[in-house]
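Read off the chains here:
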Amino acid sequence: MTSAAQENGGFPGIPGWLLEEDGGGAAKPSRTKTHFIAKTLAHISEVFENDLLCERYAGMPMFLQSIDARVKLLTFVFYIVFSNFISNPAVLVILAAAPLAFARLSGLDTRSFARRVWLYLPLLVLLFSLPGA
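The structure reproduced in this document is the subject of the present report. (Residues numbered from 1 in each chain as written. Predicted model: local features only at pLDDT ≥ 70, side-chain atom pairs only at ≥ 80, totals over all residues. Heavy atoms only, no water.)

Quick word on the overall build of the protein
Alright, step 1. In terms of regular secondary structure, the protein is built from 7 helices and 0 strands.
Alright, step 2. Helices and strands appear in the protein in the N-to-C order α-α-α-α-α-α-α.
Alright, step 3. For the protein, the residues scored as buried account for 8% of the 133 residues in total.
Alright, step 4. Contacts in the protein between residues far apart in sequence, at least 24 positions, make up 31% of those at least 6 positions apart.
Alright, step 5. Accessible area of the protein: about 11000 Å², with a carbon and sulfur share of 68%. (Helix = DSSP H or I, 4+ residues; strand = E, 2+ residues; numbered from the N terminus. Buried < 20%, exposed > 50% of the residue type's maximum accessible area, 1.4 Å probe, protein only. Contact = heavy atoms within 4.5 Å. Areas by Shrake-Rupley, 256 points an atom, 1.4 Å probe, with all protein chains shown as cover.)

Comments concerning the layout of surface pockets
Unfilled space is identified by rolling a water-sized probe across the atoms.
Alright, step 1. Looking at the largest pocket, its volume works out to about 1200 Å³.
Alright, step 2. Looking at the largest pocket, it is lined by 34 residues, and the ones nearest its centre are Phe76, Tyr79, Pro99, Phe102 and Phe113.
Alright, step 3. The set of elements that each furnish at least two residues to the lining of the largest pocket consists of helix 3 (35-58), helix 4 (69-84), helix 5 (89-105), helix 6 (110-118) and helix 7 (121-129).
Alright, step 4. The dominant element in the lining of the largest pocket, judged by the number of residues it contributes, is helix 4, at 10 residues.
Alright, step 5. Its residues placed into classes, the lining of the largest pocket shows 28 nonpolar, 5 polar and 1 charged.
Alright, step 6. Counted as a void, the second largest pocket has a volume near 220 Å³.
Alright, step 7. Every residue lining the second largest pocket is listed: Asn50, Leu53, Cys54, Tyr57, Leu108, Asp109, Ser112, Phe113, Arg115, Arg116 and Val117.
Alright, step 8. Secondary structure elements with two or more residues in the lining of the second largest pocket: helix 3 and helix 6. (1 Å grid on protein atoms, 1.4 Å probe; cavity = no way out; pocket = protein on both sides within 12 Å on 5 of 7 lines; lining within 4 Å. Points joined across faces, edges and corners; volume = space filled by probe spheres on them. Nonpolar A, V, L, I, M, F, W, Y, C, P; charged D, E, K, R; others polar.)

Description of a nonpolar patch on the surface
Alright, step 1. A cluster of nonpolar residues, Leu119, Tyr120, Leu123, Leu124, Leu126, Leu127, Phe128 and Leu130, forms a patch on the protein surface that exposes about 880 Å² of accessible area.
Alright, step 2. Its place among the elements puts Leu127 in helix 7.
Alright, step 3. For Leu127, a relative accessible area of 46% corresponds to the partly exposed category. (Patch = residues over 30% accessible without salt bridge, like charges linked within 9 Å, V, L, I, M, F, W, Y side chains within 5 Å. Salt bridge = Lys/Arg side-chain N within 4 Å of Asp/Glu carboxyl O.)

Thoughts on the pattern of salt bridges
Alright, step 1. Scanning the entire structure with this criterion turns up 1 salt bridge.
Alright, step 2. Between Arg70 and Asp68 there is a salt bridge; the shortest N-O distance is 2.8 Å.

Digging into the packing of helix 5 against helix 6
Alright, step 1. Put simply, helix 5 and helix 6 touch, their axes get as near as 10 Å, and they point 140° apart. Our classification of the angle between helix 5 and helix 6 gives oblique. Here helix 5 runs over helix 6; the crossing is right-handed. Of helix 6, the residues touching helix 5 (which contributes Ala96, Pro99, Leu100, Ala103 and Arg104) are Thr110, Phe113, Ala114 and Trp118.
Alright, step 2. Of the residues in the contact of helix 5 with helix 6, the class split is 7 nonpolar, 1 polar and 1 charged. (Axes fitted to C-alpha atoms, helices over the stretch in contact; angles between N-to-C directions. Parallel < 35°, antiparallel > 145°, perpendicular 65-115°, else oblique. Left-handed = near helix turned anticlockwise from the far one by under 90°.)

This is the structure in structure tokens:
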């Protein structure tokens, strides 16, 4: 380790003044001052990984990838309007399961797709329905 890195507490490339505590008497945080850097780098890595994954699936010649975007948009709008007029729970369950079938036909991993979509969807529906309640 270089002498500059030793002066900075083992963090090469970070100026010593950035690692100094301020004299304001604030309580010392339980985590290191560079914790936010590690979190930011991890988040940036996740974004790039997600982008690469999406590009890989977008380039595959499968079911949804071969359909024109305008047709997908019109189908999506019809799907939403149709589901708003249905009150039969069995039909609503079938409509909710249809995206899993489409994901499978498109070559997507259904477990990953379900985790990405169905973990966030109930929360979003709740947030969007609160003003109407």
